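Chain by chain, the residues run as shown.
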Amino acid sequence: MTSELDDIDFLHMGRTCLGHAARRTANLLTRHYNRHMAALGLELTQAQLLAAIADGSAASAAEIARFLGIDRSTLARNLKPLEAAGLIARRQVGGRTVLPVLTPEGEEKVVEIHKTWLKAQGEVSALLGPDGADAVRAHMSALRKAVHILEDSAPENRAPEIAAGVPPSKTNS
């Protein structure tokens, strides 16, 4: 190793990295919920997607993707097996907007998902206690907000002139 590498405490980096902690936690929680959802032939991502569709408040697939925190191509890829299984259909809701909707089989599946989710959620929540579960949700929300702020202020997300360090009043617009 070079002397620069010798000066880096990689164990400290791993123990304190928020991204690493969030990924490890997300993976572990996903496995917990997946164990429960497996009895329904689903994974957590599919169950969440079906629940978001069942909610019925989204006016577009883009809104569903935004709610789930995924991009539209990931949404499209996840809709295909649900459609093939007969759990959803696509309905044109005006112009070129196509919205996934539950079929009668999908509605039955979402009722099963809810019962299964309650059990999985209850197990984790019981170990955390009501105050602990609320604190985790609050901290996760704060972490998401912080990262959104960083994303919005990232140079690649700014207008070209601002990213180049030119104040907006100095542009030729």
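All of these numbers come straight from a predicted model, not from anything done at the bench.

Conventions we followed
- Residues numbered from 1 in each chain as written.
- Predicted model: local features only at pLDDT ≥ 70, side-chain atom pairs only at ≥ 80, totals over all residues.
- Heavy atoms only, no water.
- Axes fitted to C-alpha atoms, helices over the stretch in contact; angles between N-to-C directions.
- Helix = DSSP H or I, 4+ residues; strand = E, 2+ residues; numbered from the N terminus.
- Parallel < 35°, antiparallel > 145°, perpendicular 65-115°, else oblique.
- Left-handed = near helix turned anticlockwise from the far one by under 90°.
- Contact = heavy atoms within 4.5 Å.
- Nonpolar A, V, L, I, M, F, W, Y, C, P; charged D, E, K, R; others polar.
- Buried < 20%, exposed > 50% of the residue type's maximum accessible area, 1.4 Å probe, protein only.
- Pairing = 2+ DSSP bridges.
- Lys, Arg positive; Asp, Glu negative; His and termini not counted.
- Salt bridge = Lys/Arg side-chain N within 4 Å of Asp/Glu carboxyl O.
- Polar contact = N/O pair within 3.5 Å; in protein donor to acceptor, adjacent residues only side chain to side chain.

A.B. asks: Explanation requested: the packing of helix α4 (residues 44-55) against helix α5 (residues 61-68) in the structure shown.
C.D. replies: Any two packed helices are characterised by the angle at which their axes cross and by the distance between the axes. At their nearest, the axes of α4 and α5 sit 10 Å apart, and the two run at 130° to each other. When the axis of α4 is compared with that of α5, the two are oblique. As for how α4 packs across α5, the hand of that crossing is right-handed. Mapping the contact onto sequence places Q48, L49, A52 and I53 in α4 and I64, F67 and L68 in α5. Looking at the contact of α4 with α5 residue by residue, the class counts come to six nonpolar, one polar and no charged.

A.B. asks: Quick question: what am I supposed to make of the pairing of strand β2 (residues 98-102) here?
C.D. replies: Consecutive residues of a regular strand have side chains that alternate between opposite faces of the sheet. β2 sits mainly inside the fold: four of its five residues count as buried. As paired elements, strand β1 (residues 88-92) and β2 share five bridges and run antiparallel to each other. The residue bridging R90 from the neighbouring strand is P100, located in β2. Linking β1 to β2, which pair antiparallel, is a turn of five residues; within it G94 sits at a positive phi near 130°.

A.B. asks: What exactly am I supposed to notice about the side chain of K109 here?
C.D. replies: Among the secondary structure elements, K109 is positioned in helix α7 (residues 104-153). An unpaired buried charge is present at K109: no salt bridge exists, and E112, the closest side chain of opposite charge, is 4.6 Å distant. Separated by 2.9 Å, the side chain of K109 and the backbone oxygen of L40 make a polar contact.

A.B. asks: It is not clear to me how the packing of helix α3 (residues 18-37) against α7 should be interpreted in this structure. Could you clarify?
C.D. replies: Two numbers describe how α3 lies on α7: the axes approach to 10 Å, and their chain directions differ by 165°. By the angle between their axes, α3 is roughly antiparallel relative to α7. Where α3 crosses over α7, the handedness of that crossing is left-handed. Across the interface between the two elements, L18, L29, H32, Y33, H36 and M37 from α3 touch I113, T116, W117, K119, A120, Q121, E123, V124 and L143 from α7.

Shape descriptors only; they carry no functional weight alone.
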